[in-house]
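If you want the building blocks of each chain, they are given just below.
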Amino acid sequence: GGLFAAGARADTPPSAPSAEPVVFHGEHQAGVLTPAPAAGTFAAFDVTSPDRAGLVTLLKTLTTRARVLTAGGPQPDLGVGAPPADSAVLGPDAPAGSLTITVSVGNSLFDQRYGLAGRKPLHLTTMPVFPDDAPEPASCHGDLMLQICAATADTAHHALRDLMKHTRAWMQPRYRIDGFVPPPRPSGAPRNLMGFKDGIVNPAPADATDVVWVAADGKEPAWATGGSYQVVRLIRMLIEFWDRVSLTEQERMFGRRRDTGAPLDGSAETDKPDYARDPGGTVIPLDSHIRLANPRTAASAGSAMLRRPYNYDRGFAPTGELDSGLIFCCYQRNLAAQFEAVQARLAGEPLADYLRPFGGGYFFTLPGVRGDQDWYGSGLLR
Ligand SMILES: C=CC1=C(C)c2cc3[nH]c(cc4nc(cc5[nH]c(cc1n2)c(C)c5CCC(=O)O)C(CCC(=O)O)=C4C)c(C)c3C=C
Ligand SMILES: [Fe+2]
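Residues numbered from 1 in each chain as written. Chains lettered and ligands numbered in written order. Predicted model: local features only at pLDDT ≥ 70, side-chain atom pairs only at ≥ 80, totals over all residues.

Right, let's talk about the overall build of the protein for a bit. Assigned secondary structure in the protein consists of 8 helices and 11 strands. A compact globule built from 382 residues should have a C-alpha radius of gyration of about 21 Å, and the protein, at 21 Å, falls within 12% of that. Each principal axis of the C-alpha atoms in the protein carries an extent, and together these give about 70 × 45 × 40 Å. Relative to its full complement of 382 residues, the protein shows a buried share of 43%. Excluding contacts between residues fewer than 6 apart, the proportion of contacts in the protein whose partners are at least 24 apart in sequence is 77%. (Helix = DSSP H or I, 4+ residues; strand = E, 2+ residues; numbered from the N terminus. Rg over C-alpha atoms; globule rule 2.2 N^0.38 Å. Buried ≥ 20, exposed ≤ 12 C-beta atoms within 10 Å, placed from the backbone. Contact = placed C-beta atoms within 7 Å.)

Written out as structure tokens, the structure is:
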């Protein structure tokens, strides 16, 4: 299959809430290729450690806690005279709840503070302001991004709370957003808050390795092998305006049917659009989201990415409108060739009138923790 063949999430039921832990140790971190469970928290931090030794302690502490939390189980009993080791939000014997904790670092970590300027992954930059962005500085960038995914929201809360309690001395919260992936309605890919199935086309598991993971290529620093570039875009949806657009117009903006998720020239969600048969865009408009994002030409094959988005819904904006949208998250091995190429093709798409990207950033997802003695960023800080 090609790089855009239907992904595992389209053909297999989404991960059922499970007590089974997700494997923590490995060449790559979990939370990238692992299926996205129902709850996802994205929490950005600034490192406040005065020195490099403190940064090492921070990363080692994050590793130790993530290893414990993702495994689940009872916490040590410190006795009634001490603050408890655990919040007990998940009870005395915490279920693993498909928990993954994915640690990524931002461009700002590679400044003069910790002597890392010469160690930066090749493509890591500060996310630029794209056309149609309305950046809110307090919701952008960050030294560290923690992506915490789990079967239930309280599992993610419990993990974030534990991680923060153990790392207060070296990092400070910057921004956070909680998201969710709904169950299939009624089948196939989950729906976003515009009502469309989202996540239909993603690399098949066999193709994902080349799309996602940085390989030793002589250009990237050796320590970065097995990592990935994470893009997080916090995108508010202008729901009230969207709900006043005709169904035909909505479907022409995406290039897919709202009910089935099928491309406008097909009948099932997994049907492949045939753009060669419709060069003028009569059936699937040339400026539709799916056609711009992936025109399915030889030239666009190299821009495949792994999308792993979450919906968010967090009350009202100051204007009284719904503050709802998408935490767009994607992973790739080359920001310029993949995310930025797609983003450039999408510039000015009709759908953009209904979206307000306001936050997020570019991050480098560290290689996996390889065993009991290893820790996040051990290669970077060696
Ligand atoms: C730069 C990358 C992308 C951004 C930003 C983005 C925002 C965004 N997308 C949707 C909804 C849908 N996207 C769909 C497909 C799709 N989107 C991108 C990239 C970005 N989207 C790609 C590469 C693709 C796959 C295209 C293809 O190969 O055909 C779809 C269709 C269903 C699917 O395949 O998932 C929807 C729906 C929203 C709402 C949004 C911003 C909030
Ligand atoms: Fe999209």
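After presenting the structure, the write-up continues.
The next subject is the nonpolar core. A general tendency of soluble globular proteins is for nonpolar side chains to be buried together. Judged by nonpolar contacts, the single largest core of 81 residues is most densely connected at Leu-144 and Ile-327. Apart from residues lying up to four places away in sequence, Ile-327 is in contact with Gly-40, Phe-42, Ile-177, Gly-179, Val-232, Leu-234, Pro-309, Tyr-310 and Tyr-312. (Core = buried A, V, L, I, M, F, W, Y, C linked by C-beta atoms within 7 Å.)

Another point: the pairing of strand E5 (residues 144-150). Taking burial as the measure, the 7 residues of E5 include 7 buried ones, the bulk of the element. The alternating pattern of E5 places Leu-144, Leu-146, Ile-148 and Ala-150 on one face and Met-145, Gln-147 and Cys-149 on the opposite face, and all of these are buried. Of the pairings in the sheet, the one linking strand E1 (residues 39-47) to E5 comprises 7 bridges and is antiparallel in character. If you follow Ala-44 over to E5, its bridge partner there is Met-145. (Pairing = 2+ DSSP bridges.)

This paragraph deals with the site of ligand 1. In the neighbourhood of ligand 1, 26 residues make up the surrounding shell, with Ile-200, Val-201, Ala-293, Asn-294 and Leu-326 lying closest. For the shell around ligand 1, the secondary structure elements donating two or more residues are strand E7 (228-237), helix H7 (289-293), strand E10 (322-332) and helix H8 (339-346). When residues of the shell around ligand 1 are assigned to their parent elements, the largest contribution, 4 residues, is made by H8. (Near = placed C-beta within 6 Å.)

Inspection of the sheet shows strand E9 (residues 310-316) paired to E10 by 5 bridges, in the antiparallel sense. Looking at the pairing, Asn-311 lines up with Leu-326 of E10. Taking the residues that link successive antiparallel strands as the turn, the E9-E10 hairpin has 5 residues, and the phi of Gly-320 there is positive, at about 90 degrees.

Let us now look at the UniProt feature "domain: Dyp-type peroxidase C-terminal" (unreviewed entry) in the protein. Listed under "domain: Dyp-type peroxidase C-terminal" (unreviewed entry) in the UniProt record, and renumbered for this structure, are residues 190-369. Note that residues 190-369 is 18% helix and 23% strand, and that its end C-alpha atoms are spaced 30 Å apart. (UniProt positions renumbered as here; feature names shortened; annotations may be inferred.)

Moving on to the environment of Ser-104. Topologically, Ser-104 is positioned in strand E4 (residues 100-106). Given 28 C-beta atoms within a 10 Å radius, Ser-104 is considered buried. For the pair formed by Ser-104 and Gly-142, sequence separation is 38 residues and the distance between their alpha carbons is 9.9 Å. Those residues in contact with Ser-104 that sit more than four places away from it in its chain are Met-145, Gln-230, Phe-363, Phe-364, Thr-365 and Leu-366.

Attention shifts here to the environment of Ala-347. Within the secondary structure layout, Ala-347 lies in the loop between H8 and strand E11 (355-365). Residues Ala-347 and Pro-131 lie 216 residues apart in sequence; the distance between their C-alpha atoms is 6.7 Å. If near-sequence neighbours (up to four positions away) are discounted, Ala-347 is found in contact with Phe-130 and Pro-131.

Another aspect to go through is the UniProt feature "domain: Dyp-type peroxidase N-terminal" (unreviewed entry) in the protein. Per the UniProt entry, the sites bearing "domain: Dyp-type peroxidase N-terminal" (unreviewed entry) are residues 29-180 in this numbering. This span, residues 29-180, is 23% helix and 24% strand, and a straight line between its end C-alpha atoms measures 21 Å.

Let us now look at the packing of helix H2 (residues 52-71) against helix H3 (residues 153-167). Look at H2 against H3: their axes get within 10 Å of each other, and the N-to-C directions meet at 150 degrees. In terms of axis orientation, H2 runs roughly antiparallel to H3. Read as a crossing pair, H2 and H3 show a hand that is right-handed. Residues Leu-58, Thr-61, Leu-62, Arg-65 and Leu-69 of H2 form the contact with H3, whose participating residues are Ala-159, Asp-162, Leu-163, His-166 and Thr-167. Its residues assigned to classes, the contact of H2 with H3 comprises 5 nonpolar, 3 polar and 2 charged. (Axes fitted to C-alpha atoms, helices over the stretch in contact; angles between N-to-C directions. Parallel < 35°, antiparallel > 145°, perpendicular 65-115°, else oblique. Left-handed = near helix turned anticlockwise from the far one by under 90°. Nonpolar A, V, L, I, M, F, W, Y, C, P; charged D, E, K, R; others polar.)

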